[in-house]
Amino acid sequence: MREHDLFERFESSFDDADTMRRKGKRAKRTADDAEPTRRGRMTEAEKLRVARLREDQLSTADTPEDGDRWSTWGDAEQGPEPHPDWLITELAAVDRELGIVKTGKEADVFLLERAMGEKACLLAAKRYRSNDHRMFHRDAGYLEGRRMKKSRETRAIANRTAFGRNLIAEQWAVAEFAALSGLWQIGAPVPYPVQRSGTELLLEFIGDDEGNAAPRLAQTRPDEDELLDLWRQLVSTLMTLAEAGLTHGDLSAYNLMVHEGRLIMIDLPQVVDLVRNPRGAEFLDRDVRNISGWFASRGLPPEIGDPSSLVATLLDVAGMA
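The written sequence of each chain sets the order in which its residues are numbered from 1. In keeping with the predicted nature of the model, local features appear solely for residues at pLDDT of at least 70, side-chain atom pairs appear and are counted solely at 80 or more, and the whole-chain, interface and lining totals rest on all residues. Water and hydrogen atoms were dropped before computing side-chain values, which therefore reflect all heavy atoms in the structure.

A. Geometry of helix α8 (residues 280–297). Between the first and last C-alpha of α8 there are 26 Å, a value that for 18 residues agrees with the 26 Å anticipated at 1.5 Å per step. Relative accessibility decides the category of a residue: with a 1.4 Å probe and only protein chains considered, values under 20% of the type maximum give buried, values over 50% give exposed, and everything between is partly exposed. Numbered from the N terminus, helices here are DSSP runs of H or I no shorter than four residues, and strands are runs of E no shorter than two. All buried positions along α8 are accounted for by Gly-280, Phe-283, Leu-284, Asp-287, Val-288, Ile-291, Ser-292, Trp-294 and Phe-295. Within α8, the buried residues cover an arc of 155° as seen down the axis, which keeps them to one side. Downstream of α8 by a residue or two, Gly-299 has a phi angle that is positive, lying close to 110°. In this analysis, the expected span of each helix is defined as 1.5 Å times one less than the number of residues it contains. Think of it as the arc spanned by the lines of direction from the helix axis to the C-beta atoms.

B. Layout of the packing of helix α7 (residues 224–243) against α8. Orientation is described by lines fitted to C-alpha atoms, with helices fitted over the stretch in contact, and by angles between N-to-C directions that extend from 0 to 180 degrees. At their nearest, the axes of α7 and α8 sit 11 Å apart, and the two run at 170° to each other. Relative to α8, the element α7 is oriented roughly antiparallel. Where α7 approaches α8, its residues Leu-227, Leu-230, Trp-231, Leu-234 and Leu-238 are matched on the opposing element by Val-288, Ile-291, Ser-292, Trp-294 and Phe-295. Amino acid classes used here: Ala, Val, Leu, Ile, Met, Phe, Trp, Tyr, Cys and Pro are nonpolar; Asp, Glu, Lys and Arg are charged; the rest, including Gly, are polar. Residues of the contact of α7 with α8, tallied by class, amount to nine nonpolar, one polar and no charged. Each angle receives one of four descriptions, namely roughly parallel if under 35 degrees, roughly antiparallel if over 145, roughly perpendicular if within 65 to 115, and oblique otherwise. Only heavy atoms matter for contacts: two residues are in contact if any of them lie within 4.5 Å across the pair.

C. Region of the structure containing the pattern of salt bridges. A side-chain nitrogen of Lys or Arg and a carboxyl oxygen of Asp or Glu constitute a salt bridge if their distance falls within 4 Å. By the definition in use, this model includes 15 salt bridges. Residue Asp-108 pairs with Arg-129 through a salt bridge whose shortest N-O separation is 2.7 Å. You can see Asp-108 sitting in strand β4 (residues 107–116) and its partner Arg-129 sitting in the loop between β5 (119–128) and α4 (139–143), a full 21 residues away along the chain. A single salt-bridge network, built from bridges that share partners, covers Arg-69, Asp-95, Glu-97, Arg-114, Arg-127 and Glu-200.

D. Examining unusual backbone geometry more closely. Of the consecutive residues Glu-81 and Pro-82, the connecting peptide bond is found in the cis state with omega at 0°. Considering the arrangement of structural elements, one finds Pro-82 in the loop between β2 (77–78) and β3 (94–103). The phi dihedral of Glu-260 falls on the positive side, at around 55°, and the residue is not glycine. Along the chain, Glu-260 turns up in the loop between β9 (256–259) and β10 (262–265). The class for Glu-260 is exposed, based on a relative accessible area of 74%. If you check the backbone angles, Asp-267 has positive phi at about 55° while not being a glycine.

No statement about biological role is implied by the geometric values presented.
The following block contains the structure:
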C-alpha cells in the first residue's frame, strides 16, 4: 500500500465525526488504546507516527541473508512484454544495493543487483523524493493537460501539502514509467523500464558489467565523425518522439547517455504531449535549441544543426505544421 493511500484512508475515517458528535455518539476506547480521541484531519505528528510504524514494520520484515530485500517484481507494475532475456523475473530473487549512481533535485539513482542463484542483472533504482525539502519548482507547465481524478488530490497538489508532494512524486514516477514503456515499444533508444512500485522505478542499467555508468553526452568529447553520428542519432530519436506526439520537455546534454557509441535518452518524467499541452510547441522548440546549442559548441556545422529547420520538421512530423 502506498503511503499517501494510508493517509487518505486514515483521514476518511473521520469524515462523519461531526455527525457522530451531534447525535451524542461516542466511540468506546479499549484498554489498548494509546492515543487520545482524534478529530478532523491528521496532524503532522500523527503522520509522523504512522510513518514510523510503517518503517518499524519494514525493518522487522523477513529479509534475505545475502541481500537487502526479496525481489519486488511480483508486487510492482511491470514493464512491457516481451521481457528482455537478461532480466531476472523469479520471485525468489534477491535485491542488493551496490551504491549510489546519481543524486538530483527530483530523485536519486542507486545501483541495484537482482540475483537468483548464479544469474544476476544490474538495475538502476530511481527513487523520487517526496519529503519536506523536495522542490517541485518546475511542474506547473509540464502538468498542463494531465488530469487528476479527485478534486481533493488536485487541491493537495496545488497547496503543496505533504500528501500533495507525495502525490506529485508518484505522479512523476507513473508518468516516466508510462513514457518509457510506450517509447520502448515503438523502438526509441531509452532504458528498458523494468518495474514501478510507488515512487521507485527500476530501470535497465546503462553501463558496463562492473557497475560503471555510461557517460552523459555532456561528459564526452567526440571527434568530428562521432559528433555527426551522434547528431544523426539524436534527430532520429526526436523524430520517433514527434511521431508519437511527444517531446522530452527538458532535453539537454545531461539527460542523454552514450553507451558503446549509442545515444540513449533518459530522465523522462516531464515528457510533454505536443497536442494536449497548450505549451507543447514551446517545449519542443526549447528542447531542440538547448541540444542544438551543445552540438554547435562542439563544432557541428550550423547548416547541419540548424534548430529552426529541425523544429519545423518535427512539428510537421507531429502533424502540427
